[in-house]
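Chain and residue survey
The chain contents come next:
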Amino acid sequence: MAEEPSQLSDFDGRYEDPADDPLFDFDEDDPDRANIFARKELLKVGHVPESGRIVGRDGEIKAVAAELRPIVRGDPPNNVIIYGKTGTGKSLVARHVTERARRAAESNGMSVGTVYVDCAQHNTQTRVARTVTRSLNETEGTDFDIPRAGIGSGEYYDYLWEILDTAYESVIIILDEVDRLDDDDILMQLSRARESGKADCHLGVIAVSNKIEYRDQLNERVKSSLREEEFVFQPYDANQLREIMKHRRDAFHDGVLSDDVIPLTAALAAQEHGDARKAIEILRHAGELAERENVETVVEEHVRDAQEWAEIDRFEELLRGSTTQVKFILYSLALLTEENPNEDGFSTNRIYERYQATTEKADAKTLSEHRVYELLKEQAFLGVVESTRTGGGRGEGSYLEHRLVQDTGIVLKSVLRDSRLEDLA
């Protein structure tokens, strides 16, 4: 008798209809299959919901809209910087208001373009210039075929200025996590494009930052050029987080969520500075856990298990784009923290000694102590590490001590997801 094919490993094209492949069988009407999600996109990071689902940000929406309102009548918009902790609705409001401003302007016969740039991914001037230029280029109107690689920021800017003059009267560019940029010259280029005669288009910038001190680090020429309005978004409280969760409840089928899921999710997120993004991530992970278990109800246990997954995902997001060497350093600091629970921080020298042992074990290049010190300061700026100056003991002088902001276990699990570090486990 012929052996039944394995669903996992014996597929060789034998299914004429790919829908018959049992590995990806998906029958909505299967009575034995738990059906958890109805509109899962409502729980995706980056999803911009309709205005009725945006909770607790009416004042901020109106304030940002007031700065963009001039484009509706063909006048230049104001530049804006929005500050606030992660998950306070900064990016959501910026994208929501920008899209409404575009529609309102176009209803008045204005040609308006909008671009969203994630500076955590596109952190150099060339990458930002490429993203903005390629996003705004409409080939049928410009006849430009703009390359993805092989040219520098200057060439992308040359394309951009022509595109702006050819296709648009106004453009709004959102630079999310703008503090991740390698330098701030991109802000100078964009904010002075019309003033310097490079483009006749009105161009507005919305810079979004998790760092309240971001503007202080800009050079004076950029500050003068931006002449921006600043807004600070405060964290959500537990009641607002519950409302946000209730407005995403229809991501699930009716009756799937037990009564304690939304209050618990909101409470967990409220402990982390009112982080709505984290609350949504926990809720999504909880649903996915129930789906994998093939149970019909998402319960408290799923939420608590999902919290750790969400924290690991969030930390990985913070490290997105970081080098392997940064992960070696954080791994070493996490081990020191685990081994010395009564110590509140560690000198660069102690971290470096553990880092040397880590790179030796991984058979990797070892950086100089000064370079490790610079990378620790960089991680402090990004909010991954806290660095404080201590007076030291007699004859020691002052020096920096570093500590992890995130729970040690989360850091270790996150960095060890990187296949280049898995041999350290």
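The rules behind the values
Residues numbered from 1 in each chain as written. Predicted model: local features only at pLDDT ≥ 70, side-chain atom pairs only at ≥ 80, totals over all residues. Heavy atoms only, no water. Helix = DSSP H or I, 4+ residues; strand = E, 2+ residues; numbered from the N terminus. Expected span 1.5 Å × (residues − 1). Buried < 20%, exposed > 50% of the residue type's maximum accessible area, 1.4 Å probe, protein only. Polar contact = N/O pair within 3.5 Å; in protein donor to acceptor, adjacent residues only side chain to side chain. Phe/Tyr/Trp six-rings, centres within 6.5 Å; stacked < 30°, edge-to-face > 60°. Lys NZ or Arg CZ within 6 Å of the ring centre and 35° of its normal. Contact = heavy atoms within 4.5 Å. Pairing = 2+ DSSP bridges. UniProt positions renumbered as here; feature names shortened; annotations may be inferred.

1. Focus on helix 10 (residues 276-293)
- When the terminal C-alpha atoms of helix 10 are compared, their 26 Å separation across 18 residues agrees well with the 26 Å that a helix rising 1.5 Å per residue should span.
- Of all the 18 residues making up helix 10, 14 are buried; the element is thus mostly covered by neighbouring parts of the structure.
- Put simply, Asp-275 is the residue that caps the front of helix 10, since its side-chain oxygen is 3.1 Å from the backbone nitrogen of Arg-277.
- Asn-294 sits one or two residues past helix 10 and shows a positive phi near 60°.

2. Section: the packing of aromatic side chains
- This structure, assessed with the given rule, holds four aromatic pairs.
- Where Tyr-352 meets Tyr-355, the ring centres are 5.7 Å apart and the plane angle is 35°; that geometry is what we call tilted. Placement of the pair is Tyr-352 and Tyr-355 together in helix 13 (residues 348-361), with a separation of three residues, close to one helical turn. Grouping residues by exposure puts Tyr-352 and Tyr-355 together as buried.
- The lysine or arginine in question, Arg-57, covers the ring of Tyr-236, its NZ or CZ lying 4.1 Å from the ring centre.
- Over the ring of Tyr-116 we find Arg-95, and its NZ or CZ is 4.0 Å from the ring centre.

3. Here we look at the environment of Arg-103
- You can see Arg-103 is positioned in helix 2 (residues 90-107).
- Residues Arg-103 and Val-72, 31 residues apart in the sequence, show an inter-C-alpha distance of 8.9 Å.

4. Structural notes on the environment of His-402
- By secondary structure assignment, the location of His-402 is in strand 8 (residues 399-404).
- With relative accessibility at 0%, the residue His-402 sits in the buried group.
- Setting aside residues no more than four positions away along its own chain, His-402 makes contact with Leu-333, Gly-345, Phe-346, Ser-347, Thr-348, Ile-351, Leu-376, Val-385, Glu-386 and Ser-387.
- Engagement of the side chain of His-402 in a polar contact is seen with the side chain of Thr-348, the distance being 2.9 Å.

5. Let's talk about unusual backbone geometry
- Residue Arg-227 is not a glycine yet carries a positive backbone phi of 45°.
- By the element assignment, Arg-227 lies in the loop between helix 7 (220-226) and strand 5 (229-233).
- Look at Arg-227 and you get exposed, because its relative accessible area is 58%.
- With phi around 60°, Asn-294 is a residue other than glycine that occupies positive phi space.
- By the element assignment, Asn-294 lies in the loop between helix 10 and helix 11 (300-318).
- Classification of Asn-294 as partly exposed rests on a relative accessible area of 37%.

6. Structural notes on the sheet that holds strand 6 (residues 346-347)
- Strand order in the open sheet made by the three strands is 6-8-7, with antiparallel pairing throughout. Two strands lie at the open edges of the sheet, namely strand 6 and strand 7 (385-390), each paired on one side alone.
- Here two bridges tie strand 6 to strand 8, and the two strands are oriented antiparallel to one another. The partner of Phe-346 across the bridge, within strand 8, is His-402.

7. Here we look at the environment of Ile-212
- As for its position among the elements, Ile-212 is in the loop between strand 4 (202-209) and helix 7.
- Using a relative accessible area of 52% as the deciding quantity, one classes Ile-212 as exposed.
- Taking the C-alpha atoms as reference points, Ile-212 and Ala-362, 150 residues apart in sequence, are found 37 Å from one another.
- Look past the residues within four positions of Ile-212 in its chain and what remains in contact with it is Tyr-83 and Val-232.

8. Remarks on the UniProt feature "binding site: ATP" (unreviewed entry) in the protein
- As annotated in UniProt, the feature "binding site: ATP" (unreviewed entry) corresponds to Thr-88, Gly-89, Lys-90, Ser-91, Leu-92, Tyr-236 and Arg-248 in the numbering used here.
- On the secondary structure map, Thr-88 appears in the loop between strand 1 (80-84) and helix 2.
- We classify Thr-88 as buried; its relative accessible area is 0%.
- Residue position: Leu-92 is located in helix 2.

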